[in-house]
Amino acid sequence: MSSELSRPKPDFKGFGYRIAQIENNTHCNYKCWFCPNAYDTPAPKACMDLELFSHILREIRTVYTPWELNDVSFATYNEPNLDETFKEKLQIMTSMGFMYEHISNGSMITTDLTDFLIKYPQNIKQFRLNIPTLDESRWKNITGASVSVMYKMFYQLDYLFTRASQLNFGITVIVNGDGSEEHKQEFQKVYQKFQHTKNINFSMTGLIDRAGTLADAECETQKMASGEIDWGEQPLRCNAGYFENLYFGIKGNVFYCCHDYHQKHSCGNIKETPLRELLKSDSYFQHKQNFMHEFCRKCEQARPLQTVN
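Residues numbered from 1 in each chain as written. Predicted model: local features only at pLDDT ≥ 70, side-chain atom pairs only at ≥ 80, totals over all residues. Heavy atoms only, no water.

Asks: Is there a simple way to think about helix 8 (residues 282-294) in this case?
Replies: An α-helical turn contains 3.6 residues, so a residue and the one three or four places further along point in the same direction. For helix 8, built from 13 residues, the straight-helix expectation of 18 Å at 1.5 Å per residue is met to within 8% by its first-to-last C-alpha distance of 18 Å. Turning to helix 8, its buried residues number three or more, namely Tyr284, Lys288, Phe291 and Met292. Viewed along the axis of helix 8, the buried residues span an arc of 95°, placing them on a single side of the element. Buried residues in helix 8 make contact with strand 7 (236-238), strand 10 (266-269) and helix 7 (275-280). (Helix = DSSP H or I, 4+ residues; strand = E, 2+ residues; numbered from the N terminus. Expected span 1.5 Å × (residues − 1). Buried < 20%, exposed > 50% of the residue type's maximum accessible area, 1.4 Å probe, protein only. Arc of directions from axis to C-beta. Contact = heavy atoms within 4.5 Å.)

Structure (structure tokens):
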């Protein structure tokens, strides 16, 4: 069986470089309509301890030079700033020469964190905040959070943005949505709220159904692109380059893709086996093939191996 892509191609083509995504904690305080957290059962609340975190970074360096992989992100299906050791983890990464890519919903960017980042500059490459709306009447429907969270966030982000010139990194506000007229209106409202601030970039970004796990996702004004995808038995590759990245779960398990919400497909645990051995083992390649056959075949970011785009 073979398939053509039955929906518009997603805009995101991948980072263009390797990145290590480390699940620093498992909790998110939102249930955005375009996230599996709104429909599925999230993992129990937990934070990765500093010893395991440091061990993962050291293991990465046994396999990759800084030229090959030097970027780390905490974004999985969590809010990274709910980690009480977030600042300590930043300092560990900086001391080891890694660069950090922040992806957050912005709700926990406290004034204390802003002051810390000004006083103690860290190796932060990008600082992206996903804010899908600032419309009071639509806030809860889109994010699943109370309006009081939005008010608090607006105050904290205003504090951050007015001090952007004192930071050693740029800030990008991302407005996720389905590309509809309603999505464009949400983008305009977010832009109008913060347009007076300097050194802030804005981006209107499309959505991914995450290999079919969000096929029926919608809110009152937006919905996920429809159209079943099944690439069948043909050999596949990842058009977003996700297989070039590393993914570490909260307990040290190494998995294959950020779309794998429950991290069902793992090649082993870094606490039990050195990373170099995991990535070179026969089971790693076999598990990857199984993952592509069972998971990637339903993903809009997959492509038949012989195609270019």
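Now, onward.
Asks: I would appreciate a short explanation of the sheet that holds strand 5 (residues 171-176) in the present structure.
Replies: Where strands meet in a sheet, backbone hydrogen bonds hold them as pairs that are either parallel or antiparallel. Across the sheet, nine strands lie side by side as 6-5-4-3-2-1-8-9-10; this open sheet has mixed pairing. The open sheet terminates on both sides in strands that have one partner only, identified here as strand 6 (200-205) and strand 10. Geometrically, the sheet is characterised by an average inter-axis angle of 25° between neighbouring strands, direction not taken into account. With four bridges joining them, strand 4 (residues 124-130) and strand 5 adopt parallel strand pairing. When the sheet's bridge partners are listed, asparagine 130 is paired in strand 5 with isoleucine 174. (Pairing = 2+ DSSP bridges. Axes fitted to C-alpha atoms, helices over the stretch in contact; angles between N-to-C directions.)

Asks: Can you walk me through the packing of helix 2 (residues 86-95) against helix 3 (residues 111-119) in this structure?
Replies: A packed helix pair is summarised by two numbers, namely the angle formed by the two axes and the spacing between the axes. For the pair helix 2 and helix 3, the least separation of the axes is 12 Å and the interaxial angle reads 20°. Regarding the angle of helix 2 to helix 3, the classification is roughly parallel. Between helix 2 and helix 3 lies a crossing of right-handed hand. Two secondary-structure elements touch here, helix 2 through Phe86, Lys87, Leu90 and Gln91 and helix 3 through Asp112, Leu113, Phe116 and Leu117. (Parallel < 35°, antiparallel > 145°, perpendicular 65-115°, else oblique. Left-handed = near helix turned anticlockwise from the far one by under 90°.)

Asks: Teacher, can you tell me more about the nonpolar core here?
Replies: The nonpolar side chains of soluble globular proteins are, as a tendency, buried together. Core analysis: the biggest nonpolar cluster contains 85 residues, and Ile60, Ile171 and Phe248 have the highest contact counts within it. For phenylalanine 248, the residues in contact, after removing those within four places along its chain, are Ala20, Gln21, Ile22, Glu23, Ile56, Ile60, Asn253, Val254, Phe255, Ile270 and Leu275. (Core = buried A, V, L, I, M, F, W, Y, C linked by side-chain atoms within 4.5 Å.)

Asks: Explain the packing of helix 1 (residues 50-63) against helix 2 here, please?
Replies: The geometry of helix 1 relative to helix 2 is characterised by a closest axis approach of 11 Å and an angle of 25° between their N-to-C directions. By the angle between their directions, the pair helix 1 and helix 2 is classed as roughly parallel. In this structure, helix 1 crosses over helix 2, and the sense of that crossing is right-handed. Residue-level inspection shows Leu50, Phe53, Ser54 and Leu57 of helix 1 in contact with helix 2, the latter providing Glu88, Lys89, Ile92 and Met93. The residue makeup of the contact of helix 1 with helix 2, split by class, is five nonpolar, one polar and two charged. (Nonpolar A, V, L, I, M, F, W, Y, C, P; charged D, E, K, R; others polar.)

Asks: Looking at this structure, how should I read unusual backbone geometry?
Replies: Most peptide bonds take the trans configuration, and most residues that are not glycine carry a negative phi. Look at arginine 210: it is not a glycine, yet its phi comes out positive at around 55°. Relative to the helices and strands, arginine 210 resides in the loop between strand 6 and strand 7. Residue class for arginine 210 comes out partly exposed when judged on its relative accessible area of 23%. Positive phi outside glycine occurs at glutamine 263, with the angle close to 50°. One can find glutamine 263 in the loop between strand 9 (253-255) and strand 10. Look at glutamine 263 and you get buried, because its relative accessible area is 17%.

Asks: Explain the environment of phenylalanine 194 here, please?
Replies: Inspection of the secondary structure assignment puts phenylalanine 194 in helix 6 (residues 181-194). By relative accessible area, phenylalanine 194 is classed as buried at 0%. If sequence neighbours within four positions are ignored, phenylalanine 194 has contacts with Ile131, Leu134, Phe154, Leu157, Phe161 and Phe202.

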